[in-house]
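# Secondary and tertiary structure notes
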Amino acid sequence: MENVRPRAPFVPRLELLPVRCRHFLLPLLVLCLGACAGSRPPAAPTPSAPVRPVTRAATPEEAAPVLTPPGLRLSPAVRPVRQTVTLELDPRRELFSGTTDIEIELPQATHEVWLHGEELSVKDAAFIVAGARVRTSTLPIGDMLVFLPREAVGPGTVILRVAYTGRARARESSGVYRELDAGRWYTMTQFQPLAARRAFPCFDEPAFKIPWRLTLRVREEDGAFANSPVEAETHGPDGWKTVRFQTTPPLPSYLVAFAVGPFQAVDAGVAGQRRVPVRMLVPRGRAAETAWAARATPPLLEQLETWFGTPYPYAKLDVLALPGTQGGAMEHPGLITFSAPLMLGPVEGDSLWRQRYFALTQAHELAHQWFGNLVTPAWWDDLWLNESFADWLAYKVVTQWKPEWRGDVRRVEARGDALVEDRLVSARSVRQPIEVPGDVHSAFDGITYNKGAAVLAMFESWVGPDVFQQGVRRYLDAHAKPRFVILDQVGEQTGAKRTGRKSRGTSRSALCAQKT
């Protein structure tokens, strides 16, 4: 074996290199030596004391619960009891201000309460619990507001007090909106189906029927109107007046209505078994155009009282012509609204077509005072029964009032219109499932109105007119004010067993109810 001596470690001698090479090779040498050092096997770990975990207090953001919106419908466990609303409205201005007190029943202690509220700016909010004020934060999420008290509130009854501002937009036709007519500004409302949340924070679903108390602060020259009669009116030195209205019977939010502006009131006498006052409310200067509406409304109301077997259920009946060109009508209790072209006719040369169209529409809206207002669907998937029943009954009572108009022929025409829509690829079932908010709006179509009315006419023909009428009357007696849903057999209400006919196959078809 060759005797080999160990080599001495290599030590680079940079001083032997030119200066320019030294500056280039020195960084490269450092990198190489570092890489060699990193490739050596790691040294055995030396024993050490266990590391104690470091803890810290959670920040308020980390400790706060995650907010999860309730989805399509609010929780039925949190329920309103009653609501008061005070609004300051000037039709000449877009911005309006309001305060509201909502009495709420809470089943358990909670740190969050969800309500509907859209395009509202909350200025102040607090829960009132046993007379004490609990400071509350508010967070808008989509078309909802979540109220977050600084400490848990409930269980039991509490009051949520909110001060806020909103917008009454021009060139709109829903929520609180404004219209310029003949140089004068007017403010009106249209909340069905989902727009009450743009006027005040609320439980904006038809199942939540509660009494409402409205107060409107308006300019002296403007009139103020709402669902119920005026209870008190006070005048201030600043050119404004405060109009407080009587508390309404239980209503869902979409039936609340008010109007402000230089309307003229035309006395149309009294009508019905209770002799309720009837007025036509019109834009200034158009009083003479109400002649046909004032003439037709009282007898139609009396025809409906006779058919239902009960008096008109509200304290007054105002019929208001909306300024502008928007179409349609709305069945607000005590304050039915119509498009002006539909309600107002020329003093001379009024057409029979327009008169008949107004009468049918007015009969439809008046029928809703019992079926839809006094008895209300729990959710929008039963909209078809609400609207088709009003259409079906309108043809019946107008035909009884004016048989020469041949309302039976018009009903056949409406059925034909339904058949046209029913043959399309887009056709749907009469009862529209509501899965997203857009489904509510799409349910207001010919399938709901015309086909639904045709189905009810077939059903009446099957069980008989007298039996069907008796079933509706018993239904109203049993379920006035509670909401209705389609659950039980129609035979339970119509008494179909007495006709000797079986109600097989109709267990989920009509006039059946569940109390709240």
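Residues numbered from 1 in each chain as written. Predicted model: local features only at pLDDT ≥ 70, side-chain atom pairs only at ≥ 80, totals over all residues. Heavy atoms only, no water.

## Focus on the sheet that holds strand β16 (residues 263–271)
Pairing within the open sheet is mixed, and its five strands lie in the order β16-β17-β18-β20-β19. Strand pairing shows two members of the sheet lacking a second neighbour, β16 and β19 (329–330), which therefore form its edges. Most of the contacts of helix α5 (residues 352–367) go to strand β20 (residues 335–339), to which it runs at about 150 degrees, and overall it touches β18 (317–322), β19 and β20. (Pairing = 2+ DSSP bridges. Helix = DSSP H or I, 4+ residues; strand = E, 2+ residues; numbered from the N terminus. Contact = heavy atoms within 4.5 Å. Axes fitted to C-alpha atoms, helices over the stretch in contact; angles between N-to-C directions.)

## Observations concerning the sheet that holds strand β3 (residues 113–116)
Read across the sheet, 10 strands follow the order β3-β6-β5-β4-β7-β2-β1-β11-β14-β13 without closing on themselves; strand pairing throughout is mixed. Each edge of the open sheet is held by one strand with a lone partner, namely β3 and β13 (230–235). Each strand axis lies, on average, 20 degrees off the axis of its neighbour in the sheet, ignoring direction. Relative to strand β7 (residues 156–167), strand β2 (residues 95–106) is paired through 12 bridges, and the arrangement is antiparallel. Within the sheet, the bridge partner assigned to I102 lies in β7 and is L160.

## Observations concerning the nonpolar core
Core analysis: the biggest nonpolar cluster contains 109 residues, and F200, M343 and F389 have the highest contact counts within it. Top contributing element to this core by residue count: helix α6 (residues 383–401), with 11 residues. The contact partners of F200, leaving out residues within four places of it in the chain, are Q83, V85, H116, L120, Y164, F191, W212 and V256. Grouped together as the second largest cluster of nonpolar side chains are 11 residues, Y177, F225, A257 and L281 included. (Core = buried A, V, L, I, M, F, W, Y, C linked by side-chain atoms within 4.5 Å. Buried < 20%, exposed > 50% of the residue type's maximum accessible area, 1.4 Å probe, protein only.)

## Brief notes about the packing of α5 against α6
Where α5 contacts α6, the two axes come as close as 8 Å, and the packing angle between them is 125 degrees. Compared by their axis directions, α5 and α6 come out oblique. For the crossing formed where α5 meets α6, the hand is right-handed. Along its contact with α5, which presents A359, L360, A363, H364 and A367, the element α6 presents E387, A390, D391, L393, A394, Y395, V397, V398 and W401. Grouping the amino acids of the contact of α5 with α6 by side-chain chemistry returns 11 nonpolar, one polar and two charged. (Parallel < 35°, antiparallel > 145°, perpendicular 65-115°, else oblique. Left-handed = near helix turned anticlockwise from the far one by under 90°. Nonpolar A, V, L, I, M, F, W, Y, C, P; charged D, E, K, R; others polar.)

## Some words on unusual backbone geometry
Here the residue pair G154 and P155 is connected by a cis peptide bond, since its omega of 0 degrees sits within 30 degrees of zero. Tracing the backbone through its elements, the reader meets P155 in the loop between β6 (144–149) and β7. Residue P193 follows Q192 across a cis peptide bond; omega there is 0 degrees. Looking at where P193 falls in the secondary structure, it is placed in the loop between β10 (184–190) and β11 (212–219). Phi is positive for A130, which is not a glycine, with a value near 50 degrees.

## Some words on the confidence of the model for the protein
Any region with low pLDDT has predicted coordinates that should not be read closely. Across the protein, the average pLDDT comes to 85, with 80% of residues at or above 70. This model gives residues 1–43 a pLDDT under 50, and the stretch forms six contacts once residues within four places in sequence are excluded. Every residue in residues 486–491 scores below 50 in pLDDT, and together they form 25 contacts with partners more than four places removed in sequence or on other chains. (pLDDT = per-residue confidence, 0-100.)

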